[in-house]
Amino acid sequence: MTDSKNLGQGDYKYGFVTDIETEEVPKGLNEGIIRLISQKKNEPEWMLDYRLKAFRHWQTMTEPHWAHVTYNKIDFQDLKYYSAPKNKSEKKSLEDLDPELLKTFERLGIPLTEQKRISGVAVDVVFDSVSIGQTHTEVLEKAGVIFCSISEAIQKHPDLVKKYLGSVVPISDNFYAALNAAVFTDGSFCYIPKGVRCPIDLSTYFRINASETGQFERTLLIADEGSFVNYLEGCTAPQRDENQLHAAVVELIAMDHAEIKYSTVQNWYTGDKQGRGGIFNFVTKRGKCAGAHSKISWTQVEAGSAITWKYPSVILLGDDSEGLFYSVALTHDYMQADTGTKMLHIGKRTKSTILSKGIATGNSKSSYRGLVKIMPSAEKARNYSQCDSMLVGPNCQANTFPYIEVKNKTATLEHEATTSRISEDQLFYLQSRGLNKEESISLLVNGFCKEVFKELPLEFSVEAVKLIEMKLENSVG
Amino acid sequence: MTMLEIKNLHAKIEEKEVLKGLNFKVNAGEVHAIMGPNGSGKSSFSKIIAGHPAYTVTAGEVLYEINFKMKNLLELSVDERAKEGVFLAMQYPIEVPGVSNFHFLQMSYNAVLKHHGSEEFSENDFRIFVKEKMKLLQMREDFLDRDVNVGFSGGEKKRNEILQMAVLSPRLCILDETDSGLDIDSLKIVGEGVNKLRSKNNAIILITHYQRLLDFIRPDFVHIYADGKIQQTGGPELALKLEKQGYDWLK
């Protein structure tokens, strides 16, 4: 085993590859591969059936092309669908992990060893296709919170998984969700029991390491009546010349009076300055406010990936339930982002808020796409949407595609949209006070995003500001 | 000691010539007033000194004293000029949504400190420092938490410019029509504030077309500016003459 190689050229500090022995399945996708994955994970029959059903459905589907992005066709037979770090012996705790893995996560700023652990946040760590461990398990057990990898949940909590898996994002939902249902290899599972305020923040950290491997993780989070949880998600990947596919599915379920806050700082590898390589981030995230007075909020900072294609959405089923979407999407060089949300109002007096900030620099494209749908049953539903775009430089693009469908006259909807360009006079003003050009742009962009950043948990917010600053430093100037 | 010397300066914006052979010299410790009719290009002059990218200098030179040597100011970028002590209080200060006045002032001040190899101020130290400066301008503390110039009245914006000047303590201060938009009480506060910032080490250039600012800040020299250059130079009495007779007698 050798040290981790740093392939980064200084601008993407997470671009290194960990040299670690892995267990993989051969390239390609067929029933045999799915059976093999299921077998490797020692899954029960019902899980294999679920996968096969999804796979058969997926085979009847065609890849969608409606997003405002362009990329070369993905050859799904040229990918590996399983890669896991080899375990020499049965691990007892995180400390027993391969030291190379521990080192990797230290470099990523996610220390896993007991003495260095981030206090106040429990982390589930997913490396390539599998979860390699969680921290703070004792605290959570005491509160009755279940927080484990989804593989473990399938073994230990089959009833919960069976009941809720696919209940928000069914296998037939879309092409990538069907693919995920067929081949997902790991992810996080979380159940907050009735009336419990999760004592610490929960977090999943996703790391793609292996090449030519797709990452398909699955997250399932259930907040039972009157519970609360703050959930954070981070992701990075090595710098490689070829594109890699990441097609995750996240399902959230909130019962009566439950609240879920789900925050993401997405920093997958973006590709190089010429647009070579990078992650295709095709993700389905959806929450269901199943109970009355429940609340789900999605806060996302999308600063990575060659292509981002995702719409964290909320189904507002319970009366008086509330959905929120706060988003910052920064694109630079040749990145493309088509992101936004769907708010589906079914219950009475349901409320949704959408606040989207898109920043495009270089030759990048940033699009907001959103749907607010008020069903006939949604008496007195309310929505407020604000979509702002900021352009930095002459070659980038920003688009807004808002869709609104209202089938109940008592609904109140407000929509605001702006597009601005950083002006010469703004830059001159800041520079004439001693800030250089990059600092000035960074200050303007951070100001532009402030309303979203303040929705993030503090440590995440600090990280987001730093990330945006670093990205701008490398892409403008 | 000479701080700024401008020789035969010509400049244009797009294709329009705005400076047509300007000569001007400022020593440390002096206050100069530049007066002239509307649209004569006084603001252009101030922006060129600060380095606004829309203007192109076509001939002449601008020398500025840095560490006892006269340096070509035109070679420095906008922020380098600021760090070397050139300050322009703008006629139309820009709004910066989402950025608090406090954060902006601190970043700006620390950028200058860093440039001179000094240790940067922590948030706490800077808060104490900036509050002192605010007293000078009789500004309320909640001013610090508001976004830079967003929702400020015309007078508040101008005061904010002078606060920035007080914080950065520049050597060459150019005040571009700071008096416009100020009522008489604010004018007095700003005038007194500026007077307190006067020292033998800095120089102030006041650009205005009214005498009234000069009642508060007494200049050593008054220049009449028209058609891209200085037409006449005198003492404070020249401003009074302008006030009485207007600019017509110049033609």
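Structure's up top.
Residues numbered from 1 in each chain as written. Chains lettered and ligands numbered in written order. Predicted model: local features only at pLDDT ≥ 70, side-chain atom pairs only at ≥ 80, totals over all residues. Heavy atoms only, no water.

S.K.: What's the story with the overall build of chain B in this structure? I'm lost.
M.R.: When helices and strands are tallied, chain B shows eight helices and twelve strands. Taking 2.2 N^0.38 as the reference for a compact globule, 251 residues should give roughly 18 Å; the C-alpha atoms of chain B span a radius of gyration of 18 Å, in line with that estimate. Its C-alpha atoms give chain B principal-axis dimensions of about 55 × 40 × 35 Å. A total of 251 residues make up chain B; the buried ones form 55% of that total. Approximately 11300 Å² of chain B is accessible, and the part contributed by carbon and sulfur atoms is 48%. Averaging the coordinates of the 32 positive side-chain charges in chain B and doing the same for the 35 negative ones gives two points 3 Å apart. (Helix = DSSP H or I, 4+ residues; strand = E, 2+ residues; numbered from the N terminus. Rg over C-alpha atoms; globule rule 2.2 N^0.38 Å. Buried < 20%, exposed > 50% of the residue type's maximum accessible area, 1.4 Å probe, protein only. Areas by Shrake-Rupley, 256 points an atom, 1.4 Å probe, with all protein chains shown as cover. Lys, Arg positive; Asp, Glu negative; His and termini not counted. Charge placed at Lys NZ, Arg CZ, Asp CG, Glu CD.)

S.K.: So what exactly am I meant to see when it comes to the packing of aromatic side chains here?
M.R.: Remark: the centre distance and the inter-plane angle together describe each pair of aromatic rings, the angle taken between the planes. Within this structure, the stated rule accounts for 27 aromatic pairs over all chains. Taking the centre distance of 5.4 Å and the plane angle of 80° together, the rings of W66 of chain A and W309 of chain A count as edge-to-face. Of the two residues, W66 of chain A sits in the loop between α2 (45-59) and β2 (83-85) while W309 of chain A sits in strand β15 (residues 307-310), which places them 243 residues apart along the sequence. Accessibility expressed as a relative area gives 6% for W309 of chain A, which makes it buried. Consider the rings of F126 of chain B and F129 of chain B, whose centres lie 5.9 Å apart with planes at 45°: the pair is tilted. (Phe/Tyr/Trp six-rings, centres within 6.5 Å; stacked < 30°, edge-to-face > 60°.)

S.K.: What's the story with the interface of chain A and chain B in this structure? I'm lost.
M.R.: Quite often, the size of an interface is put as the accessible area lost when its parts meet. Chain A puts 18 residues into the contact, and the matching count from chain B is 33 residues. Between chain A and chain B lies a buried interface of about 2100 Å² when both sides are counted; carbon and sulfur atoms form 68% of it. When the buried surface of chain A facing chain B is broken down by residue, F428, Y429 and R433 of chain A rank first, second and third, together holding 39% of it. The tally of links from chain A across to chain B stands at two salt bridges. Every element with two or more residues in the side of chain A that touches chain B is listed here: α8 (424-431) and α9 (437-453) of chain A. Residue contributions to the side of chain A that touches chain B peak at seven residues, all from α8 of chain A. By residue class, the composition of the side of chain A that touches chain B is seven nonpolar, six polar and five charged. (Contact = heavy atoms within 4.5 Å. Buried area = accessible area lost by both parts, 1.4 Å probe. Salt bridge = Lys/Arg side-chain N within 4 Å of Asp/Glu carboxyl O. Nonpolar A, V, L, I, M, F, W, Y, C, P; charged D, E, K, R; others polar.)

S.K.: Help me understand the sheet that holds strand β5 (residues 69-72) of chain B, please; the structure alone is not making it clear to me.
M.R.: Residues and elements named next belong to chain B. Overall, antiparallel pairing links the four strands, which are arranged β2-β1-β4-β5 in an open sheet. Strand pairing shows two members of the sheet lacking a second neighbour, β2 (16-27) and β5, which therefore form its edges. Across the sheet, the axes of successive neighbouring strands diverge by a mean angle of 10°, strand direction being ignored. Where strand β4 (residues 55-66) lies against β5, four bridges are found, and the strand directions are antiparallel. (Pairing = 2+ DSSP bridges. Axes fitted to C-alpha atoms, helices over the stretch in contact; angles between N-to-C directions.)

S.K.: Please clarify how the side chain of N399 of chain A should be interpreted in this entry.
M.R.: All names here are of chain A. Of note, N399 is situated in strand β22 (residues 397-406). In terms of polar contacts, N399 uses its side chain to reach the side chain of H68, at 3.4 Å. With residues up to four places along the chain from it excluded, the contact list for N399 reads H68, S366, S367 and Y368. (Polar contact = N/O pair within 3.5 Å; in protein donor to acceptor, adjacent residues only side chain to side chain.)

S.K.: Sorry, what's going on with the environment of Y247 of chain B here?
M.R.: Residues and elements named next belong to chain B. Along the chain, Y247 falls in the segment after α8 (236-245). Sequence separation between Y247 and L175 is 72 residues; the distance between their C-alpha atoms is 21 Å. Apart from the residues within four sequence positions on either side, Y247 is in contact with M35, G36, P37, T208, H209 and L242.

S.K.: Just checking my understanding: could you explain the state of the cysteines for this structure?
M.R.: Working definition of a disulfide: a covalent bond connecting the sulfur atoms of two cysteines. Residue and element names in this part refer to chain A. What the rule picks out here adds up to zero disulfides over all chains. Here C396 stays unpaired: no disulfide links it, and the sulfur of C449, its closest cysteine neighbor, is 14 Å away. Taking relative accessible area as the criterion, C396 reaches 9% and is therefore assigned buried. (Disulfide = S-S within 2.5 Å.)

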